Every structure is written in structure tokens, then in C-alpha cells.
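Architecture and fold: a report
Each chain, written out:
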Amino acid sequence: MPVADIGGYKAGYVDKGEGDLIVFAHCSLGYSGFWKGVIAELSDTWRCISIDLPGHAQSDRGNQDISLQHQAIEYVLGLADMAGVKRFHAVGLSLGGAIMTRLAHHHPARVRSLAAFEPILFHFLHNWAPEEIENDRKVMGPVREAANNGRPHEAARIFMEGWGQPGQYDKMPKAGQDAIATALTHVARDFPWGSQWPEGQITEEDITRIDKPVLLGEGETTHNSAKVVNRELAKLFPKVESCVVKGAGHLSAVDDPKQVATLIRTHLENAEVAGY
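Criteria and cut-off values
- Residues numbered from 1 in each chain as written.
- Predicted model: local features only at pLDDT ≥ 70, side-chain atom pairs only at ≥ 80, totals over all residues.
- Heavy atoms only, no water.
- Salt bridge = Lys/Arg side-chain N within 4 Å of Asp/Glu carboxyl O.
- Helix = DSSP H or I, 4+ residues; strand = E, 2+ residues; numbered from the N terminus.
- Buried < 20%, exposed > 50% of the residue type's maximum accessible area, 1.4 Å probe, protein only.
- Pairing = 2+ DSSP bridges.
- Phe/Tyr/Trp six-rings, centres within 6.5 Å; stacked < 30°, edge-to-face > 60°.
- Lys NZ or Arg CZ within 6 Å of the ring centre and 35° of its normal.
- Expected span 1.5 Å × (residues − 1).
- 1 Å grid on protein atoms, 1.4 Å probe; cavity = no way out; pocket = protein on both sides within 12 Å on 5 of 7 lines; lining within 4 Å.
- Points joined across faces, edges and corners; volume = space filled by probe spheres on them.
- Nonpolar A, V, L, I, M, F, W, Y, C, P; charged D, E, K, R; others polar.

Comments concerning the pattern of salt bridges
Per the counting criterion, the structure on display carries 14 salt bridges. Between Asp 15 and Arg 47 there is a salt bridge; the shortest N-O distance is 2.5 Å. Here Asp 15 is found in strand 2 (residues 9-16), whereas its partner Arg 47 is found in strand 4 (residues 47-51), with 32 residues between them in sequence. Taking relative accessible area as the criterion, Arg 47 reaches 21% and is therefore assigned partly exposed. Linked by salt bridges that have partners in common, Asp 20, Arg 112 and Glu 272 make up one network.

Right, dumping it as C-alpha cells:
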């Protein structure tokens, strides 16, 4: 898999297909190959670049003075620049969905459309559904406790059981578990950007200013907290279409890549017909 130099840091990526550019961002503890099933369906029409998020797989964590999510934005823009593309379609899931949403806010001139599947903008739950904060703590509390006390492998296993594919961590070879644990340490330091209000956090007003075609997706069997966030975000985006990936959980792009690819294809075709 190729590795680019973005501002002096290594960024791993996958690059397949020709045509207008889509950039993909994966979930926490994932890697660029997370989107391979979706890319296989879309690369006949579009050029597809999928990145390794900072601190994941072949990508450096990068500048420790900025959040992992904002470093990821720099990698996305750097890879688009390397491809010679000014404006591109942005697609992300979970952490990647939050990153691409922030990208569309901070760099609107670069984004043609946004497809965000369950973006983890859980800081909004404090305003929208405080009861879901407690439900999220039941899942993420043990992850935070293990991570904060120097047990990243345990934290990674608990995280994947709660938000990934149960049993998958224990099926991985030790090298894979070590890589996941390393990624978890970076993600854990960035937890406030997913659930709290650090200075510079994206706001409801910021969401209303993302005047692009937006596809807001969720897995049919995902956590209720993710569904609540999607439901409320759909009230804020000016140009939004919501969709449910039938039979899928949180990792819909892995659970049913063909269904996800079909939803993204329709979204992109409509956006391009509308002149975006």
C-alpha cells in the first residue's frame, strides 16, 4: 500500500479507479482497506482514495498539538492535493464521518458532497438526549478506564465488542492486535472531541452552514445513541437525505458494502447532476 508524505508525516492510503475523486475515511481502529468492498463497487466510475487515519496502520499520528480529527483533515487535503484535485466528494463512517463533517465545515470550497454514516458527534447528546450520555458511558466507560490505566489491548477488545464486530479482536493475529492497541491509545487521547466541548468544537450553527448535498446514513441495528445523533443532525443540514442500511450494524460498510455503495452511488450521481 502506498504511503504519502503530508507535511512531513507519513499517510497510508489506497488509490483505485479513475474519474472524479471520492476520499474515504474509516472508523476508529480501522484502516484504509475498511472501504475495499465499497470501493470495488464505485471505482468503475470514480477515483477512490481511502486514507489510514492518523495513528492507524501506516499513518503517523502527526502533530500532537492538534486533535487526531484535525490532523486527519490535513491528510485528506494533502492526498487530494497530491491527486491534483481541488474539489472532491467526502465519505466517512463513525470517526471518519465526524472528520468528514468537520472538513466540510472548515473547508467548504474543497467538498462537493458529504456522505456521513453515523458520525460520532456525540457531544451534541448533552443538548439533544442527555439520557443517551449515560448509555454511551456504559459502553465506553470501561474502554476509557482500561486506556487510562495502561491496558490498551483490553481497551481495544472492549471497544470492538461494543462498537465493532464482536469476537473479531480475538481472531486477529498478535501483530494485528498490537496495531489496534496502538491506534486505540491515539483515539483515547482524542475522546473529548467525540463526546465533550473542547474549544473549537463543531456547533449546531456550524452544521447549518454546510450547504452541500449530504447523505446521512446509519445501520439498522446500530446503537440508539448513533440514531439520535443522526435524527437531530438531519434537522440541521440544509440539503440532507437520510438512509438506513438494512440488516447492518454500526460498521455498515463492512456488514453490507454493496448496499452502502448503492446508496453512495445514488447520492453522488444526484449531487453531480445538480452541479456539485
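Back to the text.
Looking at the pairing of strand 2
Pairing analysis gives four bridges linking strand 1 (residues 3-6) to strand 2, with the strands arranged antiparallel. Bridge pairing links Val 3 to Gly 12 in strand 2. Linking strand 1 back to strand 2 in an antiparallel pair, the connection comprises two residues, with Gly 7 at a positive phi of about 60°.

Section: the pairing of strand 3 (residues 21-25)
Both faces of the sheet carry side chains from a regular strand, because those side chains alternate between them. Summarising burial for strand 3: five of the five residues are buried, a large majority. In strand 3, alternate side chains face the same way, and those of Leu 21, Val 23 and Ala 25 on one face and Ile 22 and Phe 24 on the other are all buried. The sheet contact formed by strand 3 and strand 4 spans five bridges and is parallel. The residue of strand 4 that forms the bridge with Val 23 is Ile 49.

Thoughts on the packing of aromatic side chains
One pass over the full model with this rule turns up five aromatic pairs. Ring centres of Phe 124 and Trp 128 lie 4.5 Å apart, and the angle between their planes is 20°; this geometry places the pair in the stacked category. Neither residue differs from the other here; Phe 124 and Trp 128 are each classed as buried. Within the aromatic cluster, the residues linked to one another by ring pairs are Phe 24, Phe 34 and Trp 35. The aromatic ring of Phe 191 is capped on one face by Arg 144, whose charged end is 5.2 Å from the ring centroid.

Describing helix 2 (residues 68-82)
Given a rise of 1.5 Å per residue, 15 residues ought to cover 21 Å, and the 21 Å separating the end C-alpha atoms of helix 2 matches this to within 8%. Extensive coverage of helix 2 is indicated by the burial of twelve of its 15 residues. Taken together, the buried positions of helix 2 are occupied by Leu 68, Gln 69, His 70, Gln 71, Ala 72, Ile 73, Tyr 75, Val 76, Leu 77, Gly 78, Leu 79 and Ala 80. Taken from the residues just after helix 2, Gly 84 is the one with a positive phi, measuring 75°.

Observations regarding the layout of surface pockets
Empty pockets left among the atoms are what a rolling probe the size of a water molecule brings to light. Here the largest pocket is characterised by a volume of approximately 860 Å³. Along the walls of the largest pocket sit 41 residues, with Cys 27, Ser 28, Leu 29, Gly 30 and Phe 159 positioned nearest its centre. No other element matches the five residues that helix 8 (residues 174-189) contributes to the lining of the largest pocket. Of the residues contributing to the lining of the largest pocket, the split by class is 23 nonpolar, 14 polar and four charged.

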